[in-house]
Amino acid sequence: MHLMELTHTEKEVERKRGRVAQQFIAASPHLCGEQIKHLSTLDLQLLFNLYEKELFEGAWAEEVGAEPTFSLSTRMTRSAGKTITKRKPLGAGQYQTSFEIRIGVNFLVQFDAVDRSKTVCGLRAPSALCALLLVLEHELCHVIESVYFKTSNCSKERFKVLAHRLFGHMSSYHALPTAQEIAYQEHGLRIGDEVIFFYQDKLYTGRISAINKRATIMVPTKGGSYMDGKGVRYNKFYTPLSALSVR
Ligand SMILES: [Zn+2]
């Protein structure tokens, strides 16, 4: 069966995804029911093999070729997954293409940090495990589309049709808790807030310009290293969220 044409009904996908989840829970030591505390690249490899068996019906090796490699990141702030295409020159204008799928662990580990319903790819994700499966499915679609068409773009129709056929996806986005959302819930801090904080026993006032693991604060400073459009100069500080108070 041609992967670009393989179609699963909503019911089939649910059943098959359920089987993947059950086998994964039974096999991975890193799951606590459907909660995810840690993740390893071996987990992702295992999941891929379950998808190959349950959803691709063994077509991957024949149609796509080599299995993707997997990596994990704690630095992804917006997307929960990413597909990296690597081209190794073989000479004479020929390339060997391989794919690496990278998963943003934070989105899964912090899945329960915010108490609201979550969606991934337009489908409800009741657990971190379910979110992981949907993110991985999205990235697998990127690999398949890239193999057939050399390019892949999940905001375009061709991708959306593929992801809908294979996995019943309704969109290309996720609404998982981000570092920004968690920071607001736990510390009441948002990008743009004016804050005060101590750094080496000195009190500073600045504005939050980014929130990841720590907040980035721009502090107006004469002769600072950064300059905005109005010519005001700043120095940049990275500060734990717990050390900030809103001015
Ligand atoms: Zn995408």
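It should be emphasised that the depicted structure is a prediction, and the values quoted were computed from it without experimental measurement.

Rules and cut-offs
Residues numbered from 1 in each chain as written. Predicted model: local features only at pLDDT ≥ 70, side-chain atom pairs only at ≥ 80, totals over all residues. Domains from an automatic or database assignment. Nonpolar A, V, L, I, M, F, W, Y, C, P; charged D, E, K, R; others polar. Pairing = 2+ DSSP bridges. Helix = DSSP H or I, 4+ residues; strand = E, 2+ residues; numbered from the N terminus. pLDDT = per-residue confidence, 0-100. Axes fitted to C-alpha atoms, helices over the stretch in contact; angles between N-to-C directions. Contact = placed C-beta atoms within 7 Å.

K.L.:
Pulling in residues and values, what's your account of the domain arrangement of the chain?
P.N.:
Domain parsing of the chain yields domain 1 (10-177) and domain 2 (181-246). Using only C-alpha atoms to locate each centre, domain 1 and domain 2 end up separated by 35 Å. Here the residues of the side of domain 1 that touches domain 2 sort into three nonpolar, two polar and no charged.

K.L.:
Describe the sheet that holds strand β9 (residues 202-211), and please don't skip the residues or the numbers.
P.N.:
Picture the strands of a sheet paired through backbone hydrogen bonds; they go either parallel or antiparallel. Here six strands make up an open sheet; going across it, the order is β11-β12-β10-β9-β8-β13 and the pairing antiparallel. Edge positions in the sheet fall to β11 (226-227) and β13 (245-246), since each has one partner strand and no second. One ladder, built from six bridges, connects strand β8 (residues 194-199) with β9; its direction is antiparallel. By the bridge assignment for β9, Ile196 is matched with Thr205.

K.L.:
Account for unusual backbone geometry, with residues named and values stated.
P.N.:
Although it is not a glycine, Glu57 adopts a positive phi angle of roughly 55°. Mapped onto the elements, Glu57 comes out in the loop between α2 (41-54) and α3 (59-63). Positive phi values are uncommon outside glycine, yet Cys121 reaches one of about 55°. Tracing the backbone through its elements, the reader meets Cys121 in the loop between β6 (119-120) and β7 (123-124).

K.L.:
Break down the environment of Glu62 for me, with residues and values.
P.N.:
Relative to the helices and strands, Glu62 resides in helix α3. Placed 36 residues apart in sequence, Glu62 and Ala26 show a C-alpha to C-alpha distance of 28 Å.

K.L.:
An account of the confidence of the model for the chain is needed here, citing residue identities and associated values.
P.N.:
Looking at the chain, pLDDT values average 93 and 100% of them are 70 or higher. In the model of the chain, strand β1 (residues 31-32) stands out as the element of lowest mean pLDDT, 76, in contrast to strand β3 (residues 69-73), which has the highest, 97.

K.L.:
Outline the sheet that holds β3, supporting the account with residue identities and numerical values.
P.N.:
Within the open sheet, the three strands sit side by side as β3-β5-β4. Their pairing is mixed. Each edge of the open sheet is held by one strand with a lone partner, namely β3 and β4 (81-91). Each strand of the sheet is rotated relative to its neighbour by a mean of 30°, with strand direction disregarded. Helix α5 (residues 128-149) rests against β4 and β5 (94-104) of the sheet, and its axis sits at about 30° to β4.

K.L.:
Help me get a handle on the pairing of strand β12 (residues 233-239), residues and values and all.
P.N.:
Judged from the six bridges that link them, strand β10 (residues 215-220) and β12 form a sheet pairing that is antiparallel. Residue pairing for β12: Pro220 is matched across the bridge by Tyr234. Here β11 pairs with β12 via two bridges, running antiparallel. Across the sheet, the residue bridging to Tyr226 is Tyr234, located in β12. Hairpin geometry of β11 and β12 is characterised by an intervening segment of five residues between the two adjacent antiparallel strands and by a positive phi of about 85° at Gly231.

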